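Residue strings, one per chain:
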Amino acid sequence: MSYIALELTDLAWAALLVLIHAGLSLALQLGLGRQILVATVRMIAQLALLGLVLEALFSVTSPLWTGLAALVMILFAGREAVARQARKLAGLWSYGIGTGAMLIAATIVTTLALTTQVQPDPWYAARYAIPLLGMILGNTMTGVSLGLHTLTTTARRERTAIEAQLALGADRWTAFRPVLRDAMRSGLIPIINSMAATGLVFIPGMMTGQILAGADPADAIKYQLLIMFLIAGATGIGVFSAVYAGAARLSDARHRLRLDRLAAAKEDAPKR
Amino acid sequence: MAARGHDTPGLRSPMLTVRHLSRAGLVEPVDLTVAAGEAVAVLGPSGSGKSLLLRAIADLDPNEGAVSLDGDARETMPAPRWRQKVAYLPAEPGWWAETARAHFPDAEAVRPLAERLDLPEDVLDRTIATLSTGERQRLALIRLLLQEPPVLLLDEPTSGLDQTSAAKVEEIIRERLATGCAILFATHDKAQAGRLAERCLKMAAGQLSEAAL
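Residues numbered from 1 in each chain as written. Chains lettered and ligands numbered in written order. Predicted model: local features only at pLDDT ≥ 70, side-chain atom pairs only at ≥ 80, totals over all residues. Heavy atoms only, no water.

Asker: What is the right way to look at the domain arrangement of chain A in this model?
Answerer: Interface size, as often reported, equals the accessible area lost upon joining of the parts. Residue and element names in this part refer to chain A. If you check the domain split of chain A, you get domain 1 (1–60) and domain 2 (63–261). A straight line from the C-alpha centre of domain 1 to that of domain 2 covers 29 Å. Contacts between the two partners involve seven residues from domain 1, matched on the other side by 10 residues from domain 2. Interface area, domain 1 with domain 2, both sides summed: about 640 Å², of which 80% is carbon and sulfur. At the junction of domain 1 and domain 2, the tally comes to zero salt bridges. At the boundary of domain 1 with domain 2, the tally comes to zero residue pairs in polar contact (both at pLDDT 80 or more). For the side of domain 1 that touches domain 2, a count of residues per class yields six nonpolar, one polar and no charged. (Domains from an automatic or database assignment. Contact = heavy atoms within 4.5 Å. Buried area = accessible area lost by both parts, 1.4 Å probe. Salt bridge = Lys/Arg side-chain N within 4 Å of Asp/Glu carboxyl O. Polar contact = N/O pair within 3.5 Å; in protein donor to acceptor, adjacent residues only side chain to side chain. Nonpolar A, V, L, I, M, F, W, Y, C, P; charged D, E, K, R; others polar.)

Asker: Would you explain the state of the cysteines in this entry?
Answerer: The bond known as a disulfide is covalent and runs between the sulfur atoms of two cysteines. Residues and elements named next belong to chain B. Counted by the stated rule, this structure contains zero disulfides over all chains. Unpaired in terms of disulfides, cysteine 181 finds its nearest cysteine sulfur in cysteine 200, a separation of 20 Å. Residue classification places cysteine 181 among the buried residues on the basis of a relative accessible area of 7%. (Disulfide = S-S within 2.5 Å. Buried < 20%, exposed > 50% of the residue type's maximum accessible area, 1.4 Å probe, protein only.)

Asker: Sorry, what's going on with the pairing of strand β7 (residues 151–155) of chain B here?
Answerer: As a general feature of sheets, a regular strand has side chains that alternate between the two faces. Residue and element names in this part refer to chain B. A large share of β7 lies buried, amounting to five of its five residues. Where burial is concerned, the two faces of β7 agree: the one with Val151, Leu153 and Asp155 and the one with Leu152 and Leu154 are both buried. Of the strand pairs in this sheet, strand β6 (residues 86–89) and β7 are connected by four bridges, and their pairing is parallel. Bridging from a neighbouring strand, leucine 89 pairs with leucine 154 of β7. (Helix = DSSP H or I, 4+ residues; strand = E, 2+ residues; numbered from the N terminus. Pairing = 2+ DSSP bridges.)

Here it is, written out as structure tokens:
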């Protein structure tokens, strides 16, 4: 495989484009100059750091370090997944459920892919495990986040409907069924959309990367398909576990609706 | 134990027994009983805790205390089973599907009660959103009665109704009493309490006390 390596000067030329943004913001008084600058600096710092970490990880090929890096990624993903929710479960429950669901989903799917499909030697080689996990986690995170968000907001909105069923003697899973359905659907729609639009509306980033790196398009497409299947599988497992665990926490063994387990509302919850 | 309680006087055995029921919103633990065929009214202004009491008996909110039906403690049965027997009708009933029909497993069974309560003939074909508050309240009562629960916990069962409809609901409540139902109902209407109940309790600021009819 051959690819064209980039020089720092190449990047500097591209970075000029961002400076044009900053200039536009100044000229039009958009007040975005600072944000653009901060975001750009963050991106450069984070990616440079990632480069160092990845090089170190690739050179040691230790299951311990690969596992540790994976765990750190999952913990960050858990934090991101709950950060954007308007109404969270009180205490550590939202974080715990979101992170737990992603831990289960990402571990199952990544391990499956590494041991049966990609099969690097050794199977835990960080060069394969970490990028795979990253792609799977990024998408699962979106699904889990949307699923939990829909679960809590819909349970609040549909309080009287849920309690009407409970009061008539339905168990909590029956009473929660419409809410569970909505939450599952909103968690899974992004991946469904993305599968449906792939190749028509956009060329996926990983495939683009492989083609730029000199890979045969047919091979790049096979890899992309594998990744999409893995992402879809992980998102399904993650959303399902998170939504059902969330619903279990929003109800109790006496089949009551427990909205009191939601944290108090923040006035202006951050939205994506 | 019954010293402070609001117990059924005389020889009738209690159907619903509530002992030391406490929950958030109630100032002190509640003791009360309702006998088969007896109606007990809980009077009090809105916000005084009437609904909190009924919801706690139905086990819809976390609460503590000993509640039993015919001697069977609430904890000995799954909560859904308990609520099928000790059925709670909220003042503003909820709906989980778009059409009225979807809330009834047996549409034919609805008709006789719907006719008696002056509901429009096509009521089941309507969407919930197009029904008036009063129509929804009567329909929810039917939904509850069709399960034939031995104990009814009714929260302001006629609050959204005009006098004619309210009278018809009261008539149906009386029929249920005659068949041996135990009924505990919340109302802010003293006259209604007098018409239906044998005994009357008063709820004020989360405290329950005996009241004259």
